Amino acid sequence: MKKTIYIILFALLCVAVNAFAGLPSVSQMEVTDVTPASFAVTWVSSEPATGALALYQSDCVTPITGLVSTSEGNDTTGVIRVTVSGLSADAVYCYQASTVSKSTAEVALSPSQPAAVLTARMVVRSMTTGTALVPFGNDLLRAPAVSGAADGVLEVLYLTGGKDPVSLLLTNDITKQYFNMNNLFDAATGSTFNLTGGESVRISERHGISGCVIDRFRKVPADLETTGVRDLVGTPRIQDIDFNGTVNILDVLRAVGGAGTAAGDVCYNSDLDMMGHNKVDSTDVQSVIGSFDAIP
């Protein structure tokens, strides 16, 4: 009798494991890095998986073949980014992502119907060295340091004012941890956006399967017309977490949301560590409250 019970329990456990590791669920899907010749789609799988894109013409029905598609991913974090290139400028394409579970080979399609993307219209600026086009100085911007291992963390940078976001799938190679702001295009005009310095950015740091999403706020440094990688500018007043010039209830809520984390945790945001003690707790929240200026 006891043996029979063990067999039943083992069978139920197997069913539960297979159900958990079956069809991947997809979240945080977003189009980034839209240029005249390419775009990327980024998303997070609920489990280790590979990703690919099916491409269609503007009717979202007729398949397109022969385009170059590059898939990047990380088994540990479940973060996937697929870049498609070889596109035409100012043209509508449709895409649908497939996420294939590495444990069961089941396939999730997202979105349920192909979605449309309009490529950018034109590049309107460049700096020429000989015959090569090279980026401006503030177009290679170093990503802020992340909590824990960088490998497999996705960072999406948003510039205030209707610009298409740019993304960066981090590895532990620190020489590649920078945003290429040449991929920053104005969604309204379809042309490249010339950074001059002082623009506000929000960087969404996504840790994948863990569910942690950390927002960091910075400004673009002044453009010195050089080509080296440069750092984004942090707030001069640490309690002004969202770097909008005032400390208000939104900053308090951000500090409260990060409380209970410590250095090394994937959800730890060093921007919320007001006391510099490698953790976020009530003392950090009190520091923000004590610097309170006004309601939004």
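The paragraphs below set out a description of the structure included in this document. (Residues numbered from 1 in each chain as written. Predicted model: local features only at pLDDT ≥ 70, side-chain atom pairs only at ≥ 80, totals over all residues. Heavy atoms only, no water.)

### A look at the overall build of the chain
- Scanning the chain from N- to C-terminus turns up three helices and 19 strands.
- Taken over 296 residues, the chain has a buried fraction of 44%.
- For the chain, the proportion of contacts with a sequence separation of at least 24, taken over those separated by at least 6, is 61%.
- Just so you have it, the chain exposes about 14,400 Å², and 59% of that area is on carbon and sulfur atoms. (Helix = DSSP H or I, 4+ residues; strand = E, 2+ residues; numbered from the N terminus. Buried < 20%, exposed > 50% of the residue type's maximum accessible area, 1.4 Å probe, protein only. Contact = heavy atoms within 4.5 Å. Areas by Shrake-Rupley, 256 points an atom, 1.4 Å probe, with all protein chains shown as cover.)

### What to know about the packing of helix α2 (residues 249-258) against helix α3 (residues 282-290)
- Packing of α2 against α3 leaves a shortest axis separation of 9 Å and a crossing angle of 180°. Here α2 is positioned roughly antiparallel relative to α3, judged by the angle of their axes. In contact with Asp 251, Val 252, Ala 255 and Val 256 of α2, α3 contributes Val 285, Val 288 and Ile 289.
- Of the residues that constitute the contact of α2 with α3, the class distribution is six nonpolar, no polar and one charged. (Axes fitted to C-alpha atoms, helices over the stretch in contact; angles between N-to-C directions. Parallel < 35°, antiparallel > 145°, perpendicular 65-115°, else oblique. Nonpolar A, V, L, I, M, F, W, Y, C, P; charged D, E, K, R; others polar.)

### Overview of the side chain of Asn 269
- Looking at the secondary structure, you find Asn 269 in the loop between β18 (261-262) and β19 (279-280).
- Within the local environment of Asn 269, its side chain forms a polar contact with the backbone oxygen of Asp 215, the two atoms lying 3.3 Å apart.
- Excluding residues within four positions of it along the chain, Asn 269 makes contact with Ile 214, Asp 215, Arg 216, Thr 261 and Val 280. (Polar contact = N/O pair within 3.5 Å; in protein donor to acceptor, adjacent residues only side chain to side chain.)

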